[in-house]
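As a plain string of letters, each chain reads:
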Amino acid sequence: MDNSIWMVAAFYLLSAVIIVSALLVVFLKNIVHSVLWLAVCFIALAGLFLTLDADFLAAVQVLVYAGAVCIMVVFGIMLIQRGDMGKTNLFNSQTGVAAGVVALVLVVSGYLSAATHWVGTAAPVPHKTVEHIATLLLSKYVIPFEVAALLLLVALVGAIILAKEVKAKC
Amino acid sequence: MLTLSVGLTQYMVLSAILFGIGLFGVLSKKNAIAVLICIELMLNAVNINLLAFNKFVTPTQFIGQIFAIFVITVAAAEVGVGLAIIIAIYRNKLSVNLDEFDWLKW
Amino acid sequence: MVDFAMQHAWLVPLLPALAFVVIVFLTKPWQKLSALVAVAGIVGAFVFAALAAYGVFTHPEFTEGSLVYGVRWLSMPGLHINVGIMLDPTSAMMIFMVSLVSSLIFIYATGYMKGDPGFSVFFSYVSLFAASMLLLVLSSNLLEMFVGWELVGLCSYLLIGFYTHKISAREAAKKAFVTCRIADFGLLLGMLSLQIVFGTLDLPELAQKIAHFHQYTSAGVLTLIAVLVFLGPIGKSGQFPLHVWLPDAMEGPTPVSALIHAATMVVAGVYLVGRMLFLFSEIPSAMELVAITGAFTALFAATIAITQREIKRILAYSTVSQLGYMMLALGVGSLSASMFHMWTHAFFKALMFMGAGSVLTALHHKADVWEMGGLVKKMPITAWTFVVGGLAIAGIPPFAGFWSKDEILATALNSHHYVLFAMGAFTAFLTAFYMWRLIFLAFFGEENPANHPVESPWNMTVPLIILAALATVGGWVGTPWDNVWSQWIFFGEVEHAAPNYGVMIGSVILALAGIYLAYQLYYVDREKVKAKALAERYHGIYTLLFNKYYIDEIYLWFNHAIVDGSAKLFYLFDIYVVDGIIVNGLGAFTRLSGEGLRITETGRLQNYALVFFLGVLIIAVALAFSSPSAAGLLLGGVK
């Protein structure tokens with residue numbers, strides 16, 4: 001089933017969507033458009049996660065990224081950006097150098113990915129991913145889980161304090 | 001004709017491309033929020049890798065998936081705090097153009 | 001009591017040292033009390049010294065051995081230093097002579113220094129001076145002796161520069177100190193070599209070991225050591241070419257001059273060579289060096305003395321000349337003759353210096369002998385005691401100088417040093433001439449109406465009279481017919497030279513000739529026409545002598561040309577190389593590199609991120625494409 005034609009087609013299709021939408025995120029001049037294409041990218045990624053037998057993660061991806069993060073970013077833009085939205089997402093002066101470095105990163109990591117011989121297993125991922133993840137998270141990984149929860153709380157409080165209006169009398 | 005099989009290598013190349021796009025955005029965009037978005041792209045590239053490894057290397061242990069959950073958690077927190085910082089900066093400077101910020105220089 | 005004094009001879013240097021401490025810490029505000037303490041200290045030392053000397057000279061076994069006792073001072077692996085007392089006829093004679101002359105000088109100084117604001121300080125210094133000299137004399141260890149040696153140097157510095165308000169005094173003090181320091185450096189090197197080669201600095205032990213020095217080292221090394229050790233006495237005893245400080249030492253108060261020239265400092269060098277004669281006598285060439293240095297210095301200083309005009313300066317060159325005699329005697333191997341001359345010289349030179357001091361006090365420190373004259377009428381005691389000193393130094397029998405000088409000349413002749421003998425004999429003639437020139441000019445002839453001299457008080461004249469008596473009879477212990485002296489103080493074999501009447505008569509004739517010449521030139525010829533004509537006729541030589549052979553100028557030139565020149569060179573090196581290239585260069589490099597690197601610090605986050613990723617890239621490539629060890633090296637051990 002894994003290497004069925006549909007699987008392969010789904011991978012390449014999703015990959016194309018992801019890459020194109022990511023490029024649009026970077027190259028569009030309007031920041032709102034960028035965020036929209038970001039949402040597209042995230043949803044495509046969720047689909048890609050499905051091909052990787054990670055259905056829980058796919059759901060989380062849609063919920064957290066496509067939903068929460070994108071909305072939050074749009075709210076941020078709304079709070080900040082005024083005036084002409086057509087020139088809100090421009091390149092800076094070191095773009096050329098950055099492109100060079102990125103090209104090098106791509107070459108190196110692509111070469112390494114292709115050249116490395118991976119020792120894989122043919123075993124399939126169990127179907128009930130949610131149950132397994134839940135069991136593991138609340139048993140073996142309970143401490144990281146709690147720490148992550150704490151992190152979210154701290155981030156929540158921190159974000160509120162940082163973004164809070166500064167009182168004039170202070 | 002391509003051998004129509006999708007393995008670890010394909011996922012990793014995809015991940016590398018997405019990472020590169022995100023990196024390019026981080027290094028070359030003026031808008032702070034755009035940089036934040038591009039960081040999300042990079043994090044997602046990492047997630048692809050984690051899930052691919054989970055599927056092709058250790059399918060039964062769910063390490064990759066659990067790690068990806070944590071990444072998503074941290075990313076969400078990061079976006080929240082990052083946006084808060086950007087808003088705070090904007091309130092001071094009335095700008096989110098990173099070219100105007102050279103506060104790291106003494 | 002005698003035994004006690006002998007067993008506790010360390011009290012001899014201790015008493016004046018104690019006086020020094022008491023004056024400095026307790027009695028300094030009360031001048032008379034301070035003087036009393038100082039005089040009590042030195043007289044007490046003299047009493048002890050006299051008792052100890054009596055003990056030594058009544059025990060015949062001391063002609064062969066010596067009384068040595070001491071304690072361990074410091075001890076570490078390979079180095080053991082004892083401090084102790086070495087009492088033998090030589091040191092007994094020395095402590096007796098030093099403490100006696102010092103006592104008289106101290107008493108004299110109570111008169112001479114009267115009214116000086118630094119009265120108490122002066123007495124504390126001279127007490128320390130005497131204590132140092134007595135310590136030096138009694139030392140049984142070379143290092144201990146060196147301590148005394150350096151203390152003497154320090155005290156001379158303090159006392160020569162006693163009148164700190166006078167620039168010339170300060171300069172003279174510095175000159176004395178620096179000159180002696182140059183010499184002491186040689187002595188120190190010699191001592192270190194002795195310690196390294198023979199493993200000890202104890203004089204008796206050293207004497208035994210050096211007698212068999214072939215077991216330890218070669219003759220060449222020993223010669224080097226001897227020459228190094230001899231450098232110290234050259235400086236301290238004012239031998240050519242390091243004599244330059246001695247005439248300038250006149251800047252100090254006159255009692256100090258007397259102390260330095262007669263009893264303490266300058267004879268230290270001669271005494272050291274005498275003590276170390278066991279070293280020099282092993283090396284014939286070293287003995288020749290000592291003898292030639294001595295003879296040359298004697299002649300050299302005497303020629304300078306005949307043209308000088310300042311009374312104390314004439315006496316100073318006379319001292320240099322007489323010290324040359326002593327060195328000559330040591331060089332030809334006669335400790336006996338050398339010590340004998342030191343003994344007599346101490347009396348008559350102290351006498352003449354204190355007489356000169358008396359004259360200077362009376363004339364309000366007008367020092368030029370040409371401006372004196374006829375002082376005998378107003379200052380009879382000073383004048384006639386000075387005449388006694390003049391007779392003694394000129395070598396007229398039966399005064400003390402005759403016997404000792406005669407013995408030196410006879411020894412030089414007996415040891416077949418004919419050239420040195422001739423130099424010594426000619427020096428004897430010159431000595432008589434310049435000393436009597438001084439006497440005729442200063443004390444006889446017409447009075448200078450500008451002067452109103454009065455005789456000095458009793459505490460200055462009484463020491464003069466005592467010293468005059470000693471300068472008369474002091475030599476009788478060593479007459480050639482019954483030479484008690486050389487039975488006690490000798491090196492090697494007892495010398496039994498028969499009286500050499502030829503030398504005796506010859507030296508008396510030379511002395512009388514010198515005196516007669518001075519009489520003709522400076523007494524009979526009232527207007528000094530002939531003397532001036534002579535000076536005119538031999539103008540070149542006269543100027544050369546009057547300017548002391550330009551030795552000071554040569555040193556000065558040397559200083560300017562070599563020392564200052566090289567200093568200037570080093571200064572330029574310092575300015576342009578050390579400061580310019582190294583110090584400022586480093587600073588400039590740091591600043592410029594900082595300026596350069598500043599550009600990279602844009603303060604912009606994305607720049608930093610870019611560089612950061614470049615670094616990540618390099619590390620990844622290095623890890624992936626190099627051998628594990630090289631990658632580990634690149635990453636600083638990260639694997």
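Residues numbered from 1 in each chain as written. Chains lettered and ligands numbered in written order. Predicted model: local features only at pLDDT ≥ 70, side-chain atom pairs only at ≥ 80, totals over all residues.

### Focus on the overall build of chain C
In terms of regular secondary structure, chain C is built from 28 helices and two strands. Burial statistics for chain C: of 639 residues in total, 51% are counted as buried. (Helix = DSSP H or I, 4+ residues; strand = E, 2+ residues; numbered from the N terminus. Buried ≥ 20, exposed ≤ 12 C-beta atoms within 10 Å, placed from the backbone.)

### A look at the overall build of chain B
The secondary structure content of chain B amounts to three helices and zero strands. Going from N to C terminus, chain B has its helices and strands arranged as α-α-α. For chain B, the proportion of its 106 residues judged to be buried stands at 57%. In chain B, 49% of the contacts between residues at least 6 apart in sequence involve partners at least 24 apart. (Contact = placed C-beta atoms within 7 Å.)

### Side note on the environment of Thr164(C)
Residues and elements named next belong to chain C. Secondary-structure assignment places Thr 164 in the loop between helix H6 (142–160) and helix H7 (167–198). Taking the C-beta count within 10 Å as the criterion, Thr 164 has 11 such neighbours and is therefore assigned exposed. On a C-alpha basis, the gap between Thr 164 and Gly 252 in space is 9.7 Å, while along the polypeptide they are 88 residues apart. In this structure Thr 164 touches Ala 169 and Arg 170, once residues within four positions along its chain are discounted.

### With respect to the packing of helix H15 (residues 311–331) of chain C against helix H19 (residues 400–414) of chain C
All names here are of chain C. Look at H15 against H19: their axes get within 9 Å of each other, and the N-to-C directions meet at 40 degrees. Accordingly, the angle class assigned to the pair H15 and H19 is oblique. Judged by the twist between their axes, the crossing of H15 over H19 is left-handed. Along its contact with H15, which presents Tyr 325, Leu 328 and Ala 329, the element H19 presents Lys 405, Ile 408, Thr 411 and Ala 412. Within the contact of H15 with H19, the residues separate by chemical class into five nonpolar, one polar and one charged. (Axes fitted to C-alpha atoms, helices over the stretch in contact; angles between N-to-C directions. Parallel < 35°, antiparallel > 145°, perpendicular 65-115°, else oblique. Left-handed = near helix turned anticlockwise from the far one by under 90°. Nonpolar A, V, L, I, M, F, W, Y, C, P; charged D, E, K, R; others polar.)

### A look at the packing of helix H2 (residues 11–27) of chain C against helix H3 (residues 31–57) of chain C
Residue and element names in this part refer to chain C. In contact at an axis separation of 8 Å, H2 and H3 are set at 170 degrees when each is read in the N-to-C sense. Classed by the angle they form, the pair H2 and H3 counts as roughly antiparallel. Side by side, H2 and H3 meet where Leu 11, Val 12, Leu 15, Pro 16, Leu 18, Ala 19, Val 22, Ile 23 and Thr 27 of the first sit next to Leu 33, Ser 34, Val 37, Ala 38, Ala 40, Gly 41, Ile 42, Gly 44, Ala 45, Phe 48 and Ala 49 of the second. Its residues assigned to classes, the contact of H2 with H3 shows 16 nonpolar, four polar and no charged.

### Considering the pairing of strand E1 (residues 67–76) of chain C
Residues and elements named next belong to chain C. For E1, the tally of buried residues reaches only one of 10 residues, placing the bulk of the element at the surface. Summarising the sheet, E1 and strand E2 (residues 79–87) pair through nine bridges and their orientation is antiparallel. Looking at E2, one finds that Tyr 69 is bridged to Ile 85. Here E1 folds back onto E2, and the loop between the two strands holds two residues, one of which, Gly 78, carries a positive phi near 85 degrees. (Pairing = 2+ DSSP bridges.)

### Focus: the interface of chain B and chain A
Contacts between the two partners involve 62 residues from chain B, matched on the other side by 73 residues from chain A. Elements represented by at least two residues in the side of chain B that touches chain A include exactly helix H1 (8–28), helix H2 (32–56) and helix H3 (63–93) of chain B. Among the elements that make up the side of chain B that touches chain A, the one with the highest residue count is H3(B) (20 residues).

### Considerations on the nonpolar core
Within the largest apolar cluster, 211 residues are counted, with the highest numbers of intra-cluster contacts made by Ala52(C), Ile95(C), Val126(C), Leu134(C), Leu328(C), Ala350(C) and Ala471(C). Sequence-distant contacts of Val126(C), defined by excluding residues within four places in its chain, comprise Ala38(C), Phe106(C), Ala109(C), Leu159(C), Val256(C) and Leu259(C). Core analysis: the next-biggest nonpolar cluster, separate from the first, contains 80 residues, Cys70(A), Ile80(A), Ile33(B) and Ala68(B) among them. (Core = buried A, V, L, I, M, F, W, Y, C linked by C-beta atoms within 7 Å.)

### Some details on H3(B)
The end-to-end C-alpha distance of H3(B) is 44 Å, a good match for the 45 Å that 31 residues give at a rise of 1.5 Å each. Two residues or fewer after H3(B) comes Leu94(B), characterised by a positive phi angle close to 55 degrees. (Expected span 1.5 Å × (residues − 1).)

### A word on the confidence of the model for chain B
Per-residue pLDDT for chain B has a mean of 86; in total, 95% of the residues score no lower than 70. Averaged pLDDT values over the elements of chain B bottom out at 89 in H3(B) and peak at 91 in H2(B). (pLDDT = per-residue confidence, 0-100.)

### Details of unusual backbone geometry
Of note, the phi angle at Phe62(B) is positive, near 65 degrees, even though the residue is not glycine. Residue position: Phe62(B) is located in the loop between H2 and H3. Despite not being glycine, His416(C) has its phi angle at roughly 65 degrees, a positive value. Checked against the element boundaries, His416(C) lands in the loop between H19 and helix H20 (418–443).

### Considering the environment of Leu50(A)
Residues and elements named next belong to chain A. Mapped onto the secondary structure, Leu 50 falls in helix H2 (residues 31–51). By C-beta crowding, Leu 50 is classed as partly exposed, having 16 other C-beta atoms within 10 Å. In the structure, Leu 50 is positioned 40 residues away from Ala 10 in sequence and 10.0 Å away in space, judged by C-alpha atoms. In this structure, Leu 50 is in contact with Asp 55 and Ala 58, ignoring residues within four places of it in sequence.

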